[in-house]
Amino acid sequence: MFVDRVDAGRLLGARLGYLRGEDTVVLGLPRGGVPVAFEVARTLGAPLDVIVVRKLGVPFQPELGMGAIGEDDVRVIDEEIVRMAHVSADELAAVEARERAELQRRAERFRGGRVRIPLRGRTVVVVDDGIATGSTARAACQVARAHGAARVVLAVPVAPPDWTERLGRDPDELVCLETPTPFVAIGQWYADFSQTSDQEVVDCLRQAAALSGQPTGVGTVLPRNEEIDVQAGPVRLAGCLTVPEGPRGFVLFAHGSGSSRYSPRNHFVATALNRAGLGTLLFDLLTVEEEVDRANVFDIELLARRLVDTTAWLHALPEVQGLPVGLFGASTGAGAALWAAAGPDAGVAAVVSRGGRPDLAAPRLAEVSAPTLLIVGGHDEVVLELNRWAQAQLRCENRLAVVPGATHLFEEPGTLDAVADLAREWFVDHLARAPQPASRPDL
């Protein structure tokens, strides 16, 4: 069983490692396939795009596909099915017109103004979060081929045992991590198979564009963006460091339980900070071995210690020396961030919490001296009450910002943009007037 789509994507990317260095494009099938494809693209160092396809269903039996369409008027028709089902030219045209309108709407929504990545002559890896019937995956492979792909690889984490027969000759190569028996549904093989939102697809594509040096459609390409090893006391942890030109400060991100340095939501916020001239560091709070013990994920003192050690390490980097550092925490990571920021010599100039659990830092809240912004969704009622309680314990400059209509993960349209705007304004304001960073404390 996979933990979630991020976990599945990392494992699938490792299996596809032999493609690294080739002229490869990774295409995610929206919506659930895109978070998986995001991890695959990062592993391969390849650009990421969506492949938006629409199946053309027989009018009186929509589940039976008589063809598929893709962007740029790509059209694949199964003439035999059309003939056997006695579908007239007018009926086919009506189905196609309806599906093409929906295809265009989705492509514009997901891509956000960026141009489609050319596929001609390249190896194309089509990724989904799993195969059920295989009809959509077949259509995606056919469309990729029609766009000029030289080689089509279909890669998924899980599929039924007979999946190769279902896909036929549409892909050149099939890669699957697990083909369990019995197979009932894709979701049964994920611990977390929650629905992927349109906004999460958009966030993945934006972040992938920024990391690979493509135009993001919303800002400029960043001068430096790299995977690094973070020294946190006695352990080394994997991180993503972004340094804009002439940074005004840096923000260290602490993700929540079940997430990682690849969190698309945190990367979305980080990109907004980068465009405002702030450097960012997203890193894994635990080693791979430590993550096996789920108790570590909720050990706030351990996570806070990692943040304190990493903040000290960050201050020592040549590009950071003398610059203020803030902490951005999500969910349980917010509790760790506030714990780490407690005390006047913490080396933390500002704190922002997104959908956080500041109550987990209850013993240390009164000692936090850094200006603190608590951001909570208006519909995240339980967490909102916990934040109101925590705010009453704080003695530092603080603010509680409630994003109307937002739930815990800020999946609703525009809500994550609101988080990014609030965080950017808070950090730009408070890091700009922060004193010279002090030495690291002990917890």
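These numbers were taken from a predicted model, which means no experiment stands behind them.

1. Description of the pattern of salt bridges
In step 1: The tally for this structure, following the rule as stated, stands at 21 salt bridges.
In step 2: In this structure, E102 engages R105 in a salt bridge whose closest nitrogen and oxygen atoms are separated by 2.8 Å. Within this pair, E102 and its partner R105 are both found in helix α4 (residues 89-111), separated by 3 residues, close to a single helical turn.
In step 3: Looking at E102, the relative accessible area reads 21%, which means it is partly exposed.
In step 4: Note on R105: relative accessible area 44%, which makes it partly exposed.
In step 5: One salt bridge connects R236 with D229, and the closest N-O pair in it is separated by 4.0 Å.
In step 6: Owing to a relative accessible area of 48%, D229 belongs among the partly exposed residues under this scheme.
In step 7: Salt bridges linked by common partners bring E22, R151 and E173 together as one network.

2. Focus on the packing of helix α8 (residues 264-275) against helix α13 (residues 415-432)
In step 1: Two elements in contact, α8 and α13, have axes separated by 9 Å at closest approach and are oriented at 45°. Overall, the two elements α8 and α13 adopt an arrangement that is oblique. As for the relative orientation of α8 and α13, their crossing is right-handed in sense. When α8 is examined against α13, the residues R265, F268, V269, A272 and L273 are found in contact with a partner set consisting of L416, D417, V419, A420, A423, R424 and F427.
In step 2: Taken together, the residues of the contact of α8 with α13 sort by class into 9 nonpolar, no polar and 3 charged.

3. Let's talk about the nonpolar core
In step 1: In this structure, L12, L16, V26, L48, M66, V125 and V127 are the most contacted members of the largest nonpolar core, which totals 47 residues.
In step 2: Of the residues forming this core, the biggest block, 7 residues, is contributed by helix α2 (residues 33-44).
In step 3: The residues touching V26, leaving out its near neighbours within four places in the chain, are A37, V40, A41, L44, A46, P47, L48, D49, V125 and V127.
In step 4: L237, L281, V348 and C396 belong to the second-largest nonpolar core, a separate cluster that totals 45 residues.

4. Overview of helix α1 (residues 5-15)
In step 1: Where α1 is concerned, the buried positions are R5, A8, G9, L12 and G13. The buried residues of α1 all sit within an arc of 135° when viewed along its axis, so they share a single face.
In step 2: Where α1 is buried, its residues meet α2, β6 (123-127), β7 (151-158) and β8 (173-178).
In step 3: For α1, the N-terminal cap is D4; the gap from its side-chain oxygen to the backbone nitrogen of V6 is 3.2 Å.

5. What about the sheet that holds strand β4 (residues 61-69)?
In step 1: Spatial strand order, β3-β4-β5: 3 strands in an open sheet with antiparallel pairing. Strands at the two margins of the open sheet, each flanked by one partner only, are β3 (54-58) and β5 (75-77). The sheet shows a mean angle of 50° between the axes of neighbouring strands, direction not considered.
In step 2: Relative to β5, β4 runs antiparallel, the two sharing 3 bridges. Paired with G67 across the two strands is I77, which belongs to β5.
In step 3: Packing of α4 onto the sheet brings it into contact with β3, β4 and β5, and relative to β3 it is tilted by some 155°.

6. Examining the layout of surface pockets
In step 1: Its volume calculated, the second largest pocket comes out at about 520 Å³.
In step 2: L29, P30, R31, D128 and T136 are the residues nearest the centre of the second largest pocket, which is lined by 26 residues in total.
In step 3: For the lining of the second largest pocket, the secondary structure elements donating two or more residues are β3 and α5 (135-146).
In step 4: Ranked by the residues each element gives to the lining of the second largest pocket, the list is headed by α5, at 3 residues.
In step 5: For the lining of the second largest pocket, the per-class residue count stands at 10 nonpolar, 9 polar and 7 charged.

7. Considerations on the packing of aromatic side chains
In step 1: Scanning all chains against the criterion turns up 3 aromatic pairs.
In step 2: Relative to F193, the ring of Y190 lies with its centre 5.0 Å away and its plane at 35°, an arrangement referred to as tilted.
In step 3: The class for F193 is partly exposed, based on a relative accessible area of 33%.
In step 4: With a centroid separation of 4.8 Å and an interplanar angle of 35°, the aromatic rings of F253 and F328 are classed as tilted. One end of the pair, F253, is in strand β11 (residues 249-254); the other, F328, is in strand β13 (residues 325-330), and 75 residues separate them in sequence.
In step 5: A relative accessible area of 0% places F328 in the buried class.
In step 6: In this structure an aromatic cluster arises from ring pairing among F2, Y190 and F193.
In step 7: Sitting over the ring of F193, R5 keeps its end group 4.4 Å from the ring centre.

What counts, and where the lines are drawn
- Residues numbered from 1 in each chain as written.
- Predicted model: local features only at pLDDT ≥ 70, side-chain atom pairs only at ≥ 80, totals over all residues.
- Heavy atoms only, no water.
- Salt bridge = Lys/Arg side-chain N within 4 Å of Asp/Glu carboxyl O.
- Helix = DSSP H or I, 4+ residues; strand = E, 2+ residues; numbered from the N terminus.
- Buried < 20%, exposed > 50% of the residue type's maximum accessible area, 1.4 Å probe, protein only.
- Axes fitted to C-alpha atoms, helices over the stretch in contact; angles between N-to-C directions.
- Parallel < 35°, antiparallel > 145°, perpendicular 65-115°, else oblique.
- Left-handed = near helix turned anticlockwise from the far one by under 90°.
- Contact = heavy atoms within 4.5 Å.
- Nonpolar A, V, L, I, M, F, W, Y, C, P; charged D, E, K, R; others polar.
- Core = buried A, V, L, I, M, F, W, Y, C linked by side-chain atoms within 4.5 Å.
- Arc of directions from axis to C-beta.
- Polar contact = N/O pair within 3.5 Å; in protein donor to acceptor, adjacent residues only side chain to side chain.
- Pairing = 2+ DSSP bridges.
- 1 Å grid on protein atoms, 1.4 Å probe; cavity = no way out; pocket = protein on both sides within 12 Å on 5 of 7 lines; lining within 4 Å.
- Points joined across faces, edges and corners; volume = space filled by probe spheres on them.
- Phe/Tyr/Trp six-rings, centres within 6.5 Å; stacked < 30°, edge-to-face > 60°.
- Lys NZ or Arg CZ within 6 Å of the ring centre and 35° of its normal.

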